[in-house]
Amino acid sequence: MRVTLLAAALTLPLSVAAPLYAAGSGNDTAPTPTQTSKDCKGVRVWDEEKQRCVKPKESRLDDDQLYQAVRELAYAGRYEDAQGVLDAMSDQSDDRVLTYRGFTARKLGQIDVAMVFYQKALDANPDNLLARSYMGQGLVAQGDRVAALTQLREINARGGADTWAAKSLRTAIETGVTYNY
């Protein structure tokens, strides 16, 4: 059975015609670089009203804006800075926060910690396709393509077959290469 599932995972059609860019955005575009990733150093975000880089908790950004800053910093490979911005978000049980806590932990080599956060995100929102994709990519990195395929099937069953989440996980299962954003 395990061999059959692995064979199925490895023979899934690769249906990615364009580069896969955007983690967490619901589309295939990368986060637009702003002063946060271009000018701010460390755990700082650009506050448009103040016209300078500030600590996230001192900014006037709402959670959605902070989330975009997290995406941007993660895309830039600034995982620890992204974690610092996550700390400033008001609802630490939000599945988006938990998903990106998992993602940044995984990219920092803390796979077991990442899996705990992904599971918490899925417990909060079983339809969180991004958490499923990232969890699956972590499973691929651990060599468990069969478990990753289970996540891909869940994504597809939840209506996400044509999303970035499904496409990136499918590619990771087929190639063994996971995404750094």
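Residues numbered from 1 in each chain as written. Predicted model: local features only at pLDDT ≥ 70, side-chain atom pairs only at ≥ 80, totals over all residues. Heavy atoms only, no water.

**Student:** How would you summarise the overall build of the chain if you had to cite specific residues and measurements?
**Tutor:** Scanning the chain for helices and strands turns up 9 helices and 2 strands. Counted from the first residue to the last, the chain has its helices and strands arranged as α-α-β-β-α-α-α-α-α-α-α. Taking all 181 residues of the chain together, the buried fraction comes to 46%. A fraction of 58% describes how many contacts in the chain between residues 6 or more apart in sequence connect residues 24 or more apart. Of the accessible surface of the chain, which amounts to about 8800 Å², a share of 50% is contributed by carbon and sulfur atoms. (Helix = DSSP H or I, 4+ residues; strand = E, 2+ residues; numbered from the N terminus. Buried < 20%, exposed > 50% of the residue type's maximum accessible area, 1.4 Å probe, protein only. Contact = heavy atoms within 4.5 Å. Areas by Shrake-Rupley, 256 points an atom, 1.4 Å probe, with all protein chains shown as cover.)

**Student:** I'd like a description of the nonpolar core, backed by residues and values.
**Tutor:** Of all hydrophobic cores here, the largest spans 43 residues; its most connected members are Val85, Tyr100, Phe103, Tyr118, Tyr134 and Ile173. Elements supplying a minimum of two residues to this core: helix 3 (63–75), helix 4 (79–87), helix 5 (95–107), helix 6 (111–124), helix 7 (129–141), helix 8 (145–157) and helix 9 (164–175). Take this core: its biggest share by element is 7 residues, from helix 7. (Core = buried A, V, L, I, M, F, W, Y, C linked by side-chain atoms within 4.5 Å.)

**Student:** I'd love a proper account of the packing of aromatic side chains, names of residues and values included.
**Tutor:** Between two aromatic rings, the relevant description is the distance of the centres plus the angle of the planes. In this structure the tally under the stated criterion is 7 aromatic pairs. Between Tyr118 and Tyr134, the aromatic rings sit 6.3 Å apart at their centres with planes inclined by 40°, giving tilted as the arrangement. One end of the pair, Tyr118, is in helix 6; the other, Tyr134, is in helix 7, with 16 residues separating them in the sequence. The class of Tyr118 is buried, set by a relative accessible area of 0%. (Phe/Tyr/Trp six-rings, centres within 6.5 Å; stacked < 30°, edge-to-face > 60°.)

**Student:** Describe in detail the pattern of salt bridges, supporting the description with residues and values.
**Tutor:** Per the counting criterion, the structure on display carries 7 salt bridges. Note that Arg158 and Asp127 form a salt bridge whose closest N and O atoms lie 2.6 Å from each other. With Arg158 in the loop between helix 8 and helix 9 and Asp127 in the loop between helix 6 and helix 7, this residue pair connects regions lying 31 residues apart in the sequence. Residue Asp127 is classed as partly exposed on the basis of its relative accessible area, which comes to 47%. The network of salt bridges with common partners includes Asp64, Asp94 and Arg96. (Salt bridge = Lys/Arg side-chain N within 4 Å of Asp/Glu carboxyl O.)

**Student:** I'd like to hear about the state of the cysteines, residue by residue, with values.
**Tutor:** Scanning the entire structure with this criterion turns up 1 disulfide. Each disulfide pairs two cysteine sulfurs, and for Cys40 the partner residue is Cys53, the sulfurs being separated by 2.1 Å. Between Cys40 and Cys53, the S-S dihedral sits near -90°, and the bridge is therefore left-handed. Of this pair, Cys40 sits in the loop between helix 2 (35–38) and strand 1 (45–47) while Cys53 is found in strand 2 (residues 52–54), placing the two residues 13 residues apart along the sequence. By relative accessible area, Cys53 is classed as partly exposed at 25%. (Disulfide = S-S within 2.5 Å.)

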